[in-house]
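# Coordinate analysis (summary)
Residue-level listing of the chains:
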Amino acid sequence: MTLNLCVLTPNRIVWDSEVKEIILSTNSGQIGVLPNHAPIATAVDIGILRIRLNDQWVTMALMGGFARIGNNKITILVNDAEKSSDIDPEEAQQTLEIAEANLSKAEGKRQLIEANLSLRRARTRVEAINMLSQ
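Residues numbered from 1 in each chain as written. Predicted model: local features only at pLDDT ≥ 70, side-chain atom pairs only at ≥ 80, totals over all residues. Heavy atoms only, no water.

### With respect to the overall build of the protein chain
Our working definition: Numbering goes from the N terminus for both helices and strands, where a helix is a DSSP run of H or I of at least four residues and a strand is a run of E of at least two. C-alpha atoms define the radius of gyration, and 2.2 Å times the number of residues to the power 0.38 defines the globule rule. Here's how the labels work: a residue is buried when its accessible area is under 20% of the maximum for its type, exposed when over 50%, partly exposed in between, all with a 1.4 Å probe on protein chains only. Contacts were defined at the residue level, with two residues in contact if any of their heavy atoms lie within 4.5 Å. Each accessible area is a Shrake-Rupley estimate made with a 1.4 Å probe; only the visible protein chains count as cover when residues are assessed.
Of regular secondary structure, the protein chain possesses two helices and eight strands. Taken from the N to the C terminus, the helices and strands of the protein chain come in the order β-β-β-β-β-β-β-β-α-α. On C-alpha atoms alone, the protein chain measures out to a radius of gyration of 16 Å, which is about the 14 Å that the 2.2 N^0.38 rule sets for 134 residues. Put simply, the protein chain has 134 residues, and 38% of those count as buried. For the protein chain, the proportion of contacts with a sequence separation of at least 24, taken over those separated by at least 6, is 55%. In the structure as shown, the protein chain presents an accessible area of about 7800 Å², 48% of it carried by carbon and sulfur atoms.

### Thoughts on the domain arrangement of the protein chain
Keep this limit in mind: The split of the chain into domains comes from an automatic or database domain assignment. Salt bridges, as used here, are contacts in which a Lys or Arg side-chain nitrogen is within 4 Å of a carboxyl oxygen on Asp or Glu. By the criterion applied in these results, polar contacts are pairs of N or O atoms within 3.5 Å in which, for protein atoms, one can donate a hydrogen and the other can accept it, and in which residues neighboring in sequence qualify only through two side-chain atoms. In this classification, the charged set is Asp, Glu, Lys and Arg, the nonpolar set is Ala, Val, Leu, Ile, Met, Phe, Trp, Tyr, Cys and Pro, and all remaining amino acids, among them Gly, are polar.
As far as domains go, the protein chain holds domain 1 (3-83) and domain 2 (89-131). Relative to domain 2, the C-alpha centre of domain 1 lies at a distance of 23 Å. Counting residues at the interface gives ten residues for domain 1 and eight residues for domain 2. The tally of links from domain 1 across to domain 2 stands at two salt bridges. E82 is the salt-bridge partner of R125, the closest N and O atoms lying 2.6 Å from each other. Here domain 1 and domain 2 share three residue pairs in polar contact (both at pLDDT 80 or more) between them. Contributing elements (two or more residues each) for the side of domain 1 that touches domain 2: β5 (40-53) and β6 (56-70). At five residues, the largest contribution of residues to the side of domain 1 that touches domain 2 is made by β5. Grouping the constituent residues of the side of domain 1 that touches domain 2 by class yields five nonpolar, two polar and three charged.

### Focus on the nonpolar core
What counts, and what does not: In these notes, a set of buried Ala, Val, Leu, Ile, Met, Phe, Trp, Tyr and Cys residues joined through side-chain atoms within 4.5 Å is what counts as a nonpolar core.
One finds L5, V7, I22, L49, L62 and I76 to be the most contacted residues of the largest nonpolar core, which totals 21 residues. At five residues, the largest contribution of residues to this core is made by β6. Not counting the four nearest positions on each side in its chain, L62 is found in contact with V7, L24, V44, D45, I46, G47, L49, I76, V78, D80, A81 and T124.

### Here's the deal with unusual backbone geometry
Positive phi outside glycine occurs at N36, with the angle close to 65 degrees. Residue position: N36 is located in the loop between β4 (29-33) and β5. For N36, a relative accessible area of 57% gives the class exposed. A positive phi angle is found at N54, which is not glycine, with a value near 55 degrees. Along the chain, N54 turns up in the loop between β5 and β6.

### What about the UniProt feature "domain: ATP synthase epsilon subunit C-terminal" (unreviewed entry) in the protein chain?
We count it as follows: UniProt positions are given in the numbering used here, feature names are shortened, and annotations may be inferred rather than shown by experiment.
Taken from the UniProt record, the annotation "domain: ATP synthase epsilon subunit C-terminal" (unreviewed entry) applies to residues 86-129. Helix makes up 89% of residues 86-129 and strand 0%, whereas the separation of the span's terminal C-alpha atoms amounts to 9 Å.

### A word on the pairing of β4
Selection rule: Any two strands are treated as partners once DSSP identifies two or more bridges connecting them.
Relative to β4, strand β3 (residues 21-26) runs antiparallel, the two sharing five bridges. Paired with T26 across the two strands is G29, which belongs to β4. Remark: two residues form the turn of the hairpin made by β3 and β4, two consecutive strands paired antiparallel.

Right, dumping it as structure tokens:
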């Protein structure tokens, strides 16, 4: 038995196919979803989506949004998403270093919040690449 997974951003469909299982980062922690999961709607955190296709795992960096699970169908609506295989490791590491520098230079509440979000996004992209190489 499989699940139909659809990952959407405002600009494109990132994923639309059958999967065996997913592990999703939500605002209240990670959840695993197998076929016949109870219906749920949840907020998606900035984090990693792990997708199992038969015996292979694929990772994706998600940048926050919402997910709806029910009737063996998972719809994930996010601000942005990247498959780990599509992320350039050098660019991701450089973006992480810039985000860390921006956080240390942030002044005021708004800049601090924006710098923290940029850092979380950059760390998630690097983490997605590191999971790919394991």
